[in-house]
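Inside the fold
Residues per chain, in single letters:
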Amino acid sequence: MRIQVIQKILGLLLSIFSLALLPPLTIAHWTGDGTRSAFAIAIAVIFIAGAVLWFPVRKVNRDMKLRDGFVVVVLFWVVLGTSGAIPFLLVEGLNISLADAIFESLSGLTTTGATVITGLDHLPPSILFYRQLLQWLGGMGIIVLAVAILPILGVGGMQLYRAETPGPMKDAKLTPRITETAKALWYIYLGLTVACGLAYFLAGMDLFDAISHSFSTVAIGGFSTHDLSLGYFDDAVIETIAVAFMFLAGINFSLHFVAWRYRNFKPYWFDSEFKMYALVTLVVCLTCSIGLALTLYEGDWVRSLRLGVFHAVSIGTTTGFTTTEFQSWPGFLPLLLLFASFVGACAGSTGGGMKVVRILLLYKQGRREIHRLIHPNAIIRIKMGGRLVNDRVVDAVWGFFATYVAVFAVLMLSVMATGLDQVTAFSAVAACLNNLGPGFGDVTAQYGSIPDITKYILGFAMILGRLEIFTLLVLLTPAFWQS
């Protein structure tokens, strides 16, 4: 383990993150909302902490190994989640505990969208913007952003990219150089954000709301500047824009890149994961719409379609925007939406969940096992996109699924041990592990009423989900620390 290399990178990343607080500081200065000193102190503390880590090892010039990359990624999310809580603690009027501040910060950075804050409509604009900005930075992964910057500072980034990038196919690169890959991802991410913000503005949002909601839409985060989320606007056009960009942000960004580079939409059509993603989304949309029309809204197909499609896409992609309390829908519909979040978005997207590609591989493997029962001597291969899938990848997916179920069970039991009922515990763990946000029971609207120890457990679940479990759990194995 190369401690000095890890220390140098962590210090640089913290210093870079401190600069992200400049926009909310600027808003605080312009609006005079009384939070300027809080953000100024936070910037100073985070920057100095980064400098203190970096300065003693600034001349260290050694290659970083993959193991170092795992440590940097996990440490950075933990340290960043903690330091990102500073503005919430310093702003007068919020009056939130340390656990609440860390929970809110982690929820933003991991794009979970679960909140402990109420009265959003009356909060200072700088704090509202800061929450949205946290999600935008976490959406693509601030580590990937750093991959494009660190080489300029003399630090390699491939190990960080492989450790942080989600999905089972981590070695795929869009360009020969990892720096160019990271830049390409961010250009697409930025382009979608600008397009989304412009669409919101033209649909009637004011500039502040349009920019803020474009951040959380493309990041698949779900934070809003209003307590009623997008339901505050009660506008079908705005909801349609949100549905379109949530769906786009849930697609593997490498497909966006290839389609843009070759000016051709065929890469989407020929991608197995995208086709399953579209199919699952369509089925959930239709099921919710038909279910609402036949029960709650008794034949009002327009309203049923509007609500069904919006929430199916929002919850299915793990964004978490709402326009009504879907938790109170009749029958199995709320649980269907929660289960859809387990599938989540595509690998290589900003979404959470187990990822569509894993579910697709699990389905293909299950079908292969059934065929083997019928034809024991047959050699049956799994293919995706016309190419054979290595059995090691399939084994890794099965391992991930088994670990995911086990982790979920342990987390749920731990949360129940803190006093939460079964429904609240199940939905809270699902919402945080899948980076979704809204849950059932006591966490339907917000998480402020649950015990502090529960918030720390759920914060851990958020990081687990954001780093797709193995990146964090690998640090807990004795083999990892052996030389």
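Everything here concerns the structure above.
Small disclaimer: the values here were computed from a predicted structure and weren't measured.

Another aspect to go through is helix α4 (residues 66-83). Counted at 1.5 Å a residue, the expected span for α4 with its 18 residues is 26 Å, and the 25 Å between its end C-alpha atoms agrees. Turning to α4, its buried residues are D68, G69, F70, V71, V72, V73, V74, F76, W77, L80, G81 and S83.

Here we take up the packing of helix α2 (residues 22-31) against helix α3 (residues 36-54). In the contact formed by α2 and α3, the axes pass within 8 Å of each other and the chain directions differ by 155°. By the angle between their axes, α2 is roughly antiparallel relative to α3. The hand of the α2/α3 crossing is left-handed. Between α2 and α3, the residues in contact are L22, P24, L25, A28 and H29 and R36, F39, A40 and I43, respectively. Looking at side-chain class alone, the contact of α2 with α3 contains seven nonpolar, one polar and one charged residues.

Moving on, we come to the pattern of salt bridges. For the structure on display, the rule yields nine salt bridges. Between D100 and K455 there is a salt bridge, and its shortest N-O distance comes to 2.3 Å. Taken together, the residues span a long stretch of sequence, with D100 in helix α6 (residues 98-109) and K455 in helix α21 (residues 452-466) at a distance of 355 residues. As far as burial versus exposure is concerned, D100 and K455 are alike and both buried. A salt bridge links R306 to D234; the nearest nitrogen and oxygen atoms lie 3.2 Å apart. With R306 in helix α16 (residues 301-316) and D234 in the loop between α11 (207-218) and α12 (236-249), this pair connects stretches of sequence that are 72 residues apart. Given a relative accessible area of 59%, D234 falls into the exposed group. What you see here is one network of salt bridges that share partners, running through D100, D452 and K455.

Moving on, we come to the side chain of T471. If you trace the backbone, T471 turns up in helix α22 (residues 470-473). A polar contact of 3.0 Å, which involves the side chain of T471, links it to the backbone oxygen of L467.

The rules behind each value
Residues numbered from 1 in each chain as written. Predicted model: local features only at pLDDT ≥ 70, side-chain atom pairs only at ≥ 80, totals over all residues. Heavy atoms only, no water. Helix = DSSP H or I, 4+ residues; strand = E, 2+ residues; numbered from the N terminus. Expected span 1.5 Å × (residues − 1). Buried < 20%, exposed > 50% of the residue type's maximum accessible area, 1.4 Å probe, protein only. Axes fitted to C-alpha atoms, helices over the stretch in contact; angles between N-to-C directions. Parallel < 35°, antiparallel > 145°, perpendicular 65-115°, else oblique. Left-handed = near helix turned anticlockwise from the far one by under 90°. Contact = heavy atoms within 4.5 Å. Nonpolar A, V, L, I, M, F, W, Y, C, P; charged D, E, K, R; others polar. Salt bridge = Lys/Arg side-chain N within 4 Å of Asp/Glu carboxyl O. Polar contact = N/O pair within 3.5 Å; in protein donor to acceptor, adjacent residues only side chain to side chain.

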